[in-house]
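For reference, the chains in residue letters:
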Amino acid sequence: PRLLFLSRSAAMKSSVLLFLLVLSFLTAMPVFAQPPSADSSPYPTPSIAAGTDPATATRAWLDTVPADKRAKSDAYFEGGYWLILWNFLLSAAISIFLLSSRISARLRDFAERMTRFKALQVIFYAIPFLLLIYVLGFPLHVYENFFREHAYGMATQNFGQWMGEQVKFIVINLIVTSLLLVGLYAVFRRAPRTWWVWGTIVAIIFSIVMTIAWII
């Protein structure tokens, strides 16, 4: 019974960590800053008296924005909220697929055959695993961060320039995430009862740091 409990605990740990890793990787995929399209024109600045209520001043400025431009802006941001949901659902789908197909298990076995050192096993597992996540998430990613940005006039890069930025991101992410997982698994081995706490905290911090780093 104890062995069965331990095996179930290990399976649960792997499932949760896998989902957190997929989610953090997909949400960390950057929207690189690009120059706005050249056809954008400034709106006239309304005359606002000093001491005007901020809400009134904001409304006065919004009234100067053409209705079609305002509708386009609303659609862009509302669509962004839906994409947060789709990214979450895609993360769950990728996690389920990698577990149920035993691809994750085969990558683990491959890493264990390559070396007996635990730290290197994590790296040999993480690199092909992260590349697989990127490939599976690429269709939504390219729509969200390339085609959609161009459709709303928020980007000017061609596909080759954009893809070059993605390659840089992948290389940096492979290095950073592999090292992160080495440390994370070391913590798991020393804190078997609270691994889920540390896994959640690290995944959240990783997503925030990667997002801020790319914005800067």
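What counts and how
- Residues numbered from 1 in each chain as written.
- Predicted model: local features only at pLDDT ≥ 70, side-chain atom pairs only at ≥ 80, totals over all residues.
- Heavy atoms only, no water.
- Core = buried A, V, L, I, M, F, W, Y, C linked by side-chain atoms within 4.5 Å.
- Buried < 20%, exposed > 50% of the residue type's maximum accessible area, 1.4 Å probe, protein only.
- Helix = DSSP H or I, 4+ residues; strand = E, 2+ residues; numbered from the N terminus.
- pLDDT = per-residue confidence, 0-100.
- Contact = heavy atoms within 4.5 Å.
- Phe/Tyr/Trp six-rings, centres within 6.5 Å; stacked < 30°, edge-to-face > 60°.
- Expected span 1.5 Å × (residues − 1).
- Arc of directions from axis to C-beta.
- Salt bridge = Lys/Arg side-chain N within 4 Å of Asp/Glu carboxyl O.
- Lys, Arg positive; Asp, Glu negative; His and termini not counted.
- Polar contact = N/O pair within 3.5 Å; in protein donor to acceptor, adjacent residues only side chain to side chain.

1. Examining the nonpolar core
Core analysis: the largest hydrophobic core is formed by 15 residues, its most contacted members being Tyr125, Phe129, Leu130 and Ile170. Counting only elements with at least two residues in this core, the list comes to α3 (67-100), α4 (103-114), α5 (118-151) and α6 (159-190). Of all the elements, α5 adds the most residues to this core, at six residues. The next biggest cluster of nonpolar side chains, apart from the first, holds six residues, and it includes Val122, Ala126, Phe188 and Trp195.

2. Looking at the confidence of the model for the protein
Mean pLDDT over the protein: 75, with 69% of residues reaching 70 or higher. Low confidence marks residues 1-12, where pLDDT is under 50. Its contacts with residues over four positions away, or in another chain, come to one contact. Every residue in residues 31-35 is under pLDDT 50, and counting partners more than four places away or in other chains gives 15 contacts.

3. Let's talk about the packing of aromatic side chains
A complete count under the given rule lists nine aromatic pairs for this structure. Measuring from centroid to centroid gives 5.2 Å for Tyr125 and Phe129, while their planes differ by 15 degrees, and the two rings are stacked. Taken as a pair, Tyr125 and Phe129 lie in helix α5 at a separation of four residues, close to a single helical turn. Looking at Phe129, the relative accessible area reads 0%, which means it is buried.

4. Remarks on α4
Between its first and last C-alpha atoms α4 spans 17 Å; for twelve residues at 1.5 Å apiece the expected length is 16 Å, and the two agree. Turning to α4, its buried residues are Ser104, Ala105, Leu107 and Ala111. One side of α4 carries all its buried residues, which in axial view fall inside an arc of 160 degrees. In this structure, α4 carries Arg106 and Arg113 as exposed residues pointing more than 90 degrees from its buried face.

5. Examining the pattern of salt bridges
Within this structure, the stated rule accounts for one salt bridge. A salt bridge links Arg108 to Asp109, with the nearest nitrogen and oxygen atoms 3.1 Å apart. Classification of Arg108 as partly exposed rests on a relative accessible area of 40%. A residue is classified by how much of its surface remains accessible, and Asp109, at 27% relative accessible area, is partly exposed.

6. Examining the side chain of Arg148
Inspection of the secondary structure assignment puts Arg148 in helix α5. Among buried charged residues, Arg148 stands out as having no salt bridge; its nearest opposite-charge side chain is Glu149, 4.3 Å away. Engagement of the side chain of Arg148 in a polar contact is seen with the backbone oxygen of Tyr76, the distance being 2.3 Å. Sequence-distant contacts of Arg148, that is, excluding residues within four places in its chain, are made with Ala75, Tyr76, Gly79, Gly80, Leu83 and Tyr143.

7. Re unusual backbone geometry
With phi around 65 degrees, Arg102 is a residue other than glycine that occupies positive phi space. With respect to the helices and strands, Arg102 occurs in the loop between α3 and α4.

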